[in-house]
Amino acid sequence: MLYHGNGKDPRKEDVQFGSSKESTGMGGSSRVCLSGLQDDGNGNGRPQPPPKRDLSGQQDPKEPHKQKQTVTSYTNEGTHVTVEIHPKGTSPQFFKKLSFGKGPRRVPSLRGQDNKAFERTEAPRPPSTKDLHVYPWDKSSLKSLAVDLQKFEKLDAYALKVNTKGSVEELVQTLLKQARTDLEKVRVIWMWICHHIEYDVVGFHNKSLRLCKPTDVLRTGKSVCEGYAGLFQQMCSVAGIQCMKLSGYSKGYGYKIGQTFQGNSDHAWNAVYLDGRWHLLDSTWGSGTVDDALTKFTFKYNEFYFLTHPALFVNNHFPDNSNWQLLKPTLTLKQFESNLQHNSDFYNLGLLAAHPQTALIQTENGTATISVECRPSTLFTFKLEGTDEHGLLTLRKQGMKLELYPQKTGRQELQIFARPSKSTEDVYTCVLEYIVECKSVDKSRCFPKDLHQPVGPSWFTEKQGFLRPSHPDPIIHTNDGRCSLTFTLGKDISILASLHADSSSLSEEMSRQHIMQIHRGNQVEFKVHLPHAGSFVLKFFTKKKSDPGSYSFIFNYLITCLNTEVKWPAFPLRYSKWAEGYELLEPLSRLLPANRNVQFKLKMQGISKVLVQAGDTYTLTLSRDGFWEGTCNTAGCTELFVMVHENANHSYYSHILKYDVETQ
C-alpha cells in the first residue's frame, strides 16, 4: 500500500500544502492497502503456493534442483510447518506440524544450493511479555529499537545500488556482503525492497493481475502489500532472521474517518526478531506514494515505518492476532476504529500528541477545542470545510490550540496542517483529520474575513522581534472602543499596523489613521480608537530598518466591541516628518471643535521651535519636563497644522500633523 494525501491551501495567502501519499498511506489522507490474502486458519494471511509446485509439494520435473528441499512456514499463532520435498521417484513427502509448546527448534531457512553458507533460522516464537510496549505511547522514541541512522548511511547507499534480479537467494547473498549484525541484515533488506519494489497500481484495481509470490515480485519489481510482506519474509528467512508476515486491518487508501472494519484483512506487513524482541515494519508504506486515483506510484522513501514503535504503529495497523500489537494493554477493534489517525508526517514533523484522541468531535454550545503537543517550534494552520475563517488558532511553545466555531450545523471535515518553522518553503503538510459534528451555531463568533491564522502573539512573533506583549491573548475586548497595546521591540525593527473590519466602509489608508504608534526607546505602544462597534483585525507588519524592501505580515489580533454607541474619529494625519520618537499626548482626535480653545501637548526631541497654524499662528513652549505645550483657538479655520523648526540654522518649518475642524 502507498501513503495517500491531499493537501490544499490552508491559508488565505502565501501558503502551499504538500501532497504526499504513502504508497501505503499519505500526509493528509490515507495509506493504500490491498486485500487478497488467504487465511491459514489462524487469522494470518498467506500467499498462494509457489509457482510450479502443487499443493502436495510435488516439484515440477523441469525445475533444476533435484536435491531434497525444506520449506518452512509459520503462523502468527506460533505454529510452524515443515514440508520436505523429494524429487520424482524418491520417497514420498513428509509433513510434520510442530508447536512451540515443545520447546524451540531449529529449522532450515528458505535457501537454495547457492546459499549454503547462510545460517539456519530458528522457529519464531510468539510474542511474550518482554516484547510488549506500554500503550499509550510514552513519547520517548519513534522506534522500538535504538537506531543510529547515520551509521546506516553507507549500508543504505549500498542497498540502493544492488541490482541483482536473479533468485531471492542470490539477491540476499549480495546484500549481506555489507551487513554484519542482524540489525544490518534487516536494514539492508528493508532498504532494497523500499527502493526497488514499486506498488502495483494495476494489480490493485485488477486482482487477476496481481503477483504476490516472492519470485514473481522479484522478477517484475512490483506488487501489492501481500507481495511486499511475502518477499521481505522470505529474504529474512534466507538471511537467518526470524520474521513473521502479519495481516490485519489498516487505515490506508480509501479509509474514511470513523468507518468500521469487518470481513477479510486488507493489509499485510512484517515483524522481525532482533535483540531478543519482536519489532514491526511495513515496507509497502515505506516505499513511496500514489496519486488520488491510485493510478500512479512514485518512489518516496518513508523511514517512519522501519521498526516503528508499536504504540504508533497501531494508529493505522490492527493485526488479526492482537498479540502482534506488541502492546500492553492491547487495543480493541472498536478503539482502533474510533481513535484519531496519526499519519507518519505527524510524527516525522516532531509532533507528539493530539487532543481529543477520537476522530469524531461533537461541539458543545457551538464550539470545540483541539490541541496538539510538539517538541520543536512548529507552525500550524487549519481548514474546516475548506476555510480557516471559523476558528482561532494560537501557537504555543509546545504546540498549538484551536478553538472552532462552525457557522453551520451537521458533520464537517477538519484538517490540521503543520510545517517546521525553520523550513525555507511555506509548504504545510496535513497531519490530522477530524470530523466535527456541530449541533448548534454560535453566531457571536463570526470572525472577520481578514483574520489570519494563527492569531495573537506567540514564540513565533517573539522571533520576529515582538517581545513582552501587554496582551498575550489573541482576543482584545473593549467596551469604550479604545485599547492600548505595548511591546518591546528587537533590534533594527521597523513596524507598521493596520485595522480591518468586514462592516467598515473605511479605506485601508483611513483605517490606519485609527492607530497611533508611539516609540519610547525600545518600547512601542499602539493606541487604537475604533470607528464603530463590531469585530476588527489588528495586523502587524515588520521589516529591518536597514532593509529597503517591503514590510512582511507577522501576526494579528482580534478586537471586539459590543457597545453600539462607540464612534471614535481617527487620529490626526501624520506627515512623513513625523519621526519615530515623537509622541502626541493631546489632542488625539483628528476632528476638533469649532471656535474652541484647544490644548496641545507633544514630546519631541531635537526640535528648536513648534508652531500651530489655525486661523492664527500659535507658538508652543518647551516645559521643564520636556513637553511642547500651548493653547490655540480654532475660530476661522477648517484645518489646523502643527509645524516644527528642526534646526535653528534653518529658516523653514516642516508639517508633522494635520487636524480637521468641525463646520458650524
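Note that the structure is predicted; figures quoted are calculated from it, not measured.

Visitor: Just checking my understanding: could you explain the sheet that holds strand β18 (residues 277-281) for this structure?
Guide: Sheet strands pair via backbone hydrogen bonds, and the direction of the pair is either parallel or antiparallel. Across the sheet, four strands lie side by side as β18-β17-β16-β21; this open sheet has antiparallel pairing. Only two strands of the sheet have a single partner each, and these edge strands are β18 and β21 (317-319). Within this sheet the neighbouring strands show an average axis-to-axis angle of 45 degrees, counted without direction. Strand direction decides the pairing type here: strand β16 (residues 243-250) and strand β17 (residues 267-274), joined by six bridges, are antiparallel.

Visitor: What's the story with the packing of helix α3 (residues 182-196) against helix α6 (residues 225-238) in this structure? I'm lost.
Guide: In helix packing, the relevant descriptors are the interaxial angle and the interaxial distance, both defined with respect to the helix axes. Their axes nearest at 10 Å, the elements α3 and α6 cross at an angle of 150 degrees. Relative to α6, the element α3 lies roughly antiparallel. In this structure, α3 meets α6 at a crossing whose hand is right-handed. Along its contact with α3, which presents V186, I189, W190, W192 and I193, the element α6 presents Y228, L231, F232, M235 and C236. Class assignment of the residues belonging to the contact of α3 with α6 gives a composition of ten nonpolar, no polar and no charged.

Visitor: Before we go on, may I ask you to explain the pattern of salt bridges in this structure?
Guide: Oppositely charged side chains can form a pair if their charged atoms are brought close together. Tallied over the entire structure, the rule returns 20 salt bridges. For E226, the salt bridge identified is with K245, shortest N-O distance 2.8 Å. Of this pair, E226 sits in helix α6 while K245 sits in strand β16, and the two are 19 residues apart along the sequence. Across the pair, exposure class does not vary: E226 and K245 are buried alike. Across the pair R419 and D426 runs a salt bridge, and its minimum N-O distance is 3.0 Å. Overall, the relative accessible area of 11% leaves R419 in the buried class. Overlapping salt bridges, with partners in common, bring together K143, D156, R187 and E303 in one network.

Visitor: Sorry if this is basic, but what is going on with the nonpolar core here?
Guide: What tends to happen in soluble globular proteins is that the nonpolar side chains get buried as a cluster. F232, F380, L414 and I416 are the most contacted members of the largest nonpolar core, which totals 96 residues. Contact partners of L414, with chain neighbours within four places excluded, come to I370, F382, K383, L384, L402, L404, L432, E433, Y434 and V436. Listed in part, the 28 residues of the second largest apolar core include M516, L584, I656 and Y659.

Visitor: Mind showing me how you'd approach the pairing of strand β27 (residues 391-396) here?
Guide: The two faces of a sheet get side chains in turn, since along a regular strand they alternate between them. In terms of residue burial, β27 counts as a mostly covered element, since five of its six residues are buried. The sheet contact formed by β27 and strand β28 (residues 399-404) spans six bridges and is antiparallel. From the neighbouring strand, T394 faces β28, where its bridge partner is K401. Hairpin connection between β27 and β28: a loop of two residues separates the two successive antiparallel strands.

Visitor: Can you help me understand empty space enclosed by the protein in this one?
Guide: In this approach, a probe sized like a water molecule rolls over the atoms, and the result shows the empty space that is left. Tallying each qualifying case throughout the model produces two cavities of 30 Å³ or more. Size it by volume and the second largest cavity reaches roughly 40 Å³. Looking at the second largest cavity, the residues that line it are W269, L280, P310, F313, V314, H317, P319, W324 and Q325. Split into classes, the residues belonging to the lining of the second largest cavity amount to seven nonpolar, two polar and no charged.

Visitor: Would you explain the confidence of the model for the protein in this entry?
Guide: Should pLDDT be low for a region, the predicted coordinates there are not to be read in detail. Looking at the protein, pLDDT values average 84 and 81% of them are 70 or higher. Throughout residues 1-15 the model reports pLDDT below 50, and contacts reaching past four residues in sequence, or to other chains, amount to 114 contacts.

Visitor: Looking at this structure, how should I read the environment of P587?
Guide: If you trace the backbone, P587 turns up in the loop between β40 (583-586) and β41 (591-592). Spatially, the C-alpha atoms of P587 and F600 are 6.0 Å apart, while their sequence positions differ by 13 residues. When neighbours within four sequence positions are excluded, P587 is seen to be in contact with P572, L592, V598, Q599, F600 and Y659.

Visitor: It is not clear to me how the sheet that holds β27 should be interpreted in this structure. Could you clarify?
Guide: Taken in spatial order, the four strands line up as β23-β25-β28-β27 in an open sheet, and their pairing is antiparallel. The outermost strands of the open sheet, each flanked by one partner alone, are β23 (351-355) and β27. Each neighbouring strand pair of the sheet contributes to a mean axis angle of 15 degrees, computed without reference to strand direction.

Visitor: Is there a simple way to think about the environment of E646 in this case?
Guide: Mapped onto the elements, E646 comes out in the loop between β46 (639-645) and β47 (654-661). Along the backbone, E646 and K577 are 69 residues apart, and their C-alpha atoms lie at a distance of 10.0 Å. Here the side chain of E646 touches S654 through a polar contact of 3.4 Å, side chain to side chain.

Thresholds applied
Residues numbered from 1 in each chain as written. Predicted model: local features only at pLDDT ≥ 70, side-chain atom pairs only at ≥ 80, totals over all residues. Heavy atoms only, no water. Pairing = 2+ DSSP bridges. Helix = DSSP H or I, 4+ residues; strand = E, 2+ residues; numbered from the N terminus. Axes fitted to C-alpha atoms, helices over the stretch in contact; angles between N-to-C directions. Parallel < 35°, antiparallel > 145°, perpendicular 65-115°, else oblique. Left-handed = near helix turned anticlockwise from the far one by under 90°. Contact = heavy atoms within 4.5 Å. Nonpolar A, V, L, I, M, F, W, Y, C, P; charged D, E, K, R; others polar. Salt bridge = Lys/Arg side-chain N within 4 Å of Asp/Glu carboxyl O. Buried < 20%, exposed > 50% of the residue type's maximum accessible area, 1.4 Å probe, protein only. Core = buried A, V, L, I, M, F, W, Y, C linked by side-chain atoms within 4.5 Å. 1 Å grid on protein atoms, 1.4 Å probe; cavity = no way out; pocket = protein on both sides within 12 Å on 5 of 7 lines; lining within 4 Å. Points joined across faces, edges and corners; volume = space filled by probe spheres on them. pLDDT = per-residue confidence, 0-100. Polar contact = N/O pair within 3.5 Å; in protein donor to acceptor, adjacent residues only side chain to side chain.

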